[in-house]
Amino acid sequence: MDLAYSEEEEEFRAGLRKWLASVLPALPPRPDPRDWPARRAYDCGWQRGLYDAGYADVHWDASPTRRLIFLEEAERAGAPYVGANFVGLLHAGPTIAAEGTKAQRERWLPPVLRGDEVWCQGFSEPDAGSDLASLRTRAVRDGDAYVVTGQKIWTSHAEVADWCELLVRTDASAPRHRGITWLAMPMDATGITVRPLRTLAGSTEFAEVFLDEVRVPVENRIGEENDGWRVTMVTLSFERGTAFVGEVVACRRVLAELARAARASGAWDDDVLRRRIGRLSAEFRALWRLTQWNVSEAEASGGVPGIGGSVFKLRYSHARQELYDTAAAVLGPDALDLGREWNLDRLSSLSYTIAAGTSQIQRNIVAERILGLPKGR
């Protein structure tokens, strides 16, 4: 395993740094993080700028290592995150790149790269969250279309999305992992109702989605019918393996700011707080090395992250929560003021042990697939 960067990769890093330094000062002010229509416009505008500069392809056409460099440098420079483009760039796009046909890649990947189309994720259901394989949204083949009926919940970015990566059950008689199909559903199709869900932070990046006999063309199926669980594992490997890379860099930056704030306020005199900050610094350094290891493994296996992503996601979720709990300790009473820095992020961090597979699910994956322990009875 080689964690060093090549000369070519370092040249890419230098060129990217120079470009970021030239464009970031000219960006317009960022919109309210709770205004998703405005955020969509802002995020897609940034993505178009990346496309025009030749950096938009880092999410699937570039090597995993180059993708890592891009995310690291963009975060260090304070560049906009993917935002509303999260699902398209980090979930659906890489999945289609890995599993789609030539025609499907040509249809869906360029608009995502240009910032023309936004995707949402239609996986979880009211009774199928952590136990995703028990999903009940059904799709019945009718000629050249699937007729889809059911409900999804926690559908990321549904209110501003053009497309949905949708999991449906196409064979109710098959074992539950084998009767699932992965579809690309147009969000303007007849029969779709979107009801935004408001989070603790006041944002509506999630929604309930109700599907009433929605017709989805068969040509929108990624992979074979009833092979959707395998395709989903590809999606989740990207979600757990590389989608949080930029956030690790962000957390290391926040930790440094937190230490400075503690020194300025006098909280640094607390031995317990200093130990917490020191331990978190070690945690995030280790997570960064684990990220590099996962990327090296992905490079060797054709670009798709492996099950090491579950180890990363499990520990990162808890480390992020610990980071913002420490921020609350530094802020004191100001931790109740949502207008203060870090407080909205603290509320957001509460979801990380649930999103992208709960910590309990990640522990099962680590136990069974890495440690070789027997399945529970």
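Residues numbered from 1 in each chain as written. Predicted model: local features only at pLDDT ≥ 70, side-chain atom pairs only at ≥ 80, totals over all residues. Heavy atoms only, no water.

Things to note about the overall build of the protein
Selection criterion: Put simply, DSSP marks the helices as runs of H or I at least four residues long and the strands as runs of E at least two long, and each gets a number from the N terminus on. Each residue gets one of three labels from its accessible area relative to the maximum for its type: buried under 20%, exposed over 50%, partly exposed in between, using a 1.4 Å probe on protein chains only. When checking whether two residues touch, look at their non-hydrogen atoms; a contact exists if any pair is within 4.5 Å.
Along the backbone of the protein there are eleven helices and eight strands. Across the 377 residues of the protein, 52% fall into the buried class. Contacts in the protein between residues far apart in sequence, at least 24 positions, make up 73% of those at least 6 positions apart.

As for helix α3 (residues 64–76)
Which entries qualify depends on this criterion: A helix is expected to span 1.5 Å multiplied by its residue count minus one.
The end-to-end C-alpha distance of α3 is 18 Å, a good match for the 18 Å that 13 residues give at a rise of 1.5 Å each. Among the 13 residues that make up α3, eleven are buried, leaving the element largely enclosed by the rest of the structure. The set of residues buried in α3 consists of Pro64, Thr65, Arg67, Leu68, Ile69, Phe70, Leu71, Glu72, Glu73, Ala74 and Glu75. Phi for Gly78, located one or two positions after α3, is positive at around 80°.

Things to note about the pairing of strand β5 (residues 180–186)
To be explicit about the condition: Between any two strands, pairing holds if DSSP finds at least two bridges.
Most of β5 sits out of view: seven of its seven residues are buried. In β5, alternate side chains face the same way, and those of Ile180, Trp182, Ala184 and Pro186 on one face and Thr181, Leu183 and Met185 on the other are all buried. Looking at chain direction, strand β4 (residues 163–169) and β5 are connected through seven bridges and run antiparallel. Looking at β5, one finds that Cys164 is bridged to Met185. Where β5 and strand β8 (residues 221–222) come together, two bridges link them in antiparallel fashion. Counterpart to Trp182 in the pairing with β8 is Ile222.

Here we look at unusual backbone geometry
Phi angles above zero are rare outside glycine, and Glu213 is one such case at about 55°. Relative to the helices and strands, Glu213 resides in strand β7 (residues 206–217). Phi angles above zero are rare outside glycine, and Asn226 is one such case at about 70°. With respect to the helices and strands, Asn226 occurs in the loop between β8 and α6 (228–241). For Asn226, a relative accessible area of 22% puts it in the partly exposed group.

So, the side chain of Thr181
We count it as follows: Two N or O atoms count as a polar contact when they lie within 3.5 Å, although within protein this holds only if one can serve as hydrogen donor and the other as acceptor, and sequence-adjacent residues are included solely when both atoms are side-chain atoms.
Inspection of the secondary structure assignment puts Thr181 in strand β5. Within the structure, Thr181 has its side chain in polar contact with the side chain of Thr170 (distance 2.6 Å). One polar contact links the side chain of Thr181 to the main-chain amide nitrogen of Asn226, over a distance of 2.9 Å. Look past the residues within four positions of Thr181 in its chain and what remains in contact with it is Leu166, Leu167, Val168, Thr170, Arg221, Glu224, Glu225, Asn226 and Gly228.

Examining the confidence of the model for the protein
Note the cut-off: A score between 0 and 100, pLDDT records how confident the predictor is in each residue.
Overall, the prediction assigns the protein a mean pLDDT of 85, with 86% of residues at 70 or greater. The lowest-confidence element of the protein is helix α11 (residues 359–370), averaging 68 in pLDDT; the highest-confidence one is β8, averaging 98.

Considerations on the packing of helix α2 (residues 36–53) against helix α5 (residues 102–114)
The line we're drawing: Here, axes are lines fitted to C-alpha atoms. For helices the fit covers the stretch in contact, and angles between N-to-C directions go from 0 to 180 degrees. Orientation categories follow fixed angle ranges, with anything under 35 degrees roughly parallel, anything over 145 roughly antiparallel, 65 to 115 roughly perpendicular, and all other angles oblique. All residues other than Ala, Val, Leu, Ile, Met, Phe, Trp, Tyr, Cys, Pro, Asp, Glu, Lys and Arg, Gly among them, are scored as polar; the first ten of these are nonpolar and the last four charged.
For the pair α2 and α5, the least separation of the axes is 6 Å and the interaxial angle reads 105°. Considering the angle they form, α2 stands roughly perpendicular to α5. Along its contact with α2, which presents Cys44, Gln47, Arg48 and Tyr51, the element α5 presents Val112, Leu113 and Arg114. Looking at the contact of α2 with α5, its residues break down into four nonpolar, one polar and two charged.

Some remarks on the pattern of salt bridges
Worth spelling out the cut-off: Only one rule defines a salt bridge in this text: a Lys or Arg side-chain nitrogen within 4 Å of an Asp or Glu carboxyl oxygen.
Enumeration over the complete set of coordinates arrives at 24 salt bridges. Measuring nitrogen to oxygen at the nearest pair gives 3.0 Å for the salt bridge that ties Arg76 to Glu72. Taken together, the residues Arg76 and Glu72, both in helix α3 and four residues apart, mark about one turn of the helix.

Quick notes on the packing of helix α1 (residues 7–23) against α3
Put simply, the rule is: Note: crossing handedness is left-handed where the near helix turns anticlockwise from the far helix by less than a right angle, and right-handed where it turns clockwise.
Between α1 and α3, whose axes approach to 10 Å, the crossing angle comes to 30°. In terms of axis orientation, α1 runs roughly parallel to α3. The handedness of the crossing between α1 and α3 is right-handed. Touching Glu8, Glu9, Phe12, Arg13, Leu16, Arg17 and Leu20 of α1 are Thr65, Arg66, Ile69, Phe70, Glu72, Glu73, Ala74 and Arg76, all from α3. Looking at side-chain class alone, the contact of α1 with α3 contains six nonpolar, one polar and eight charged residues.

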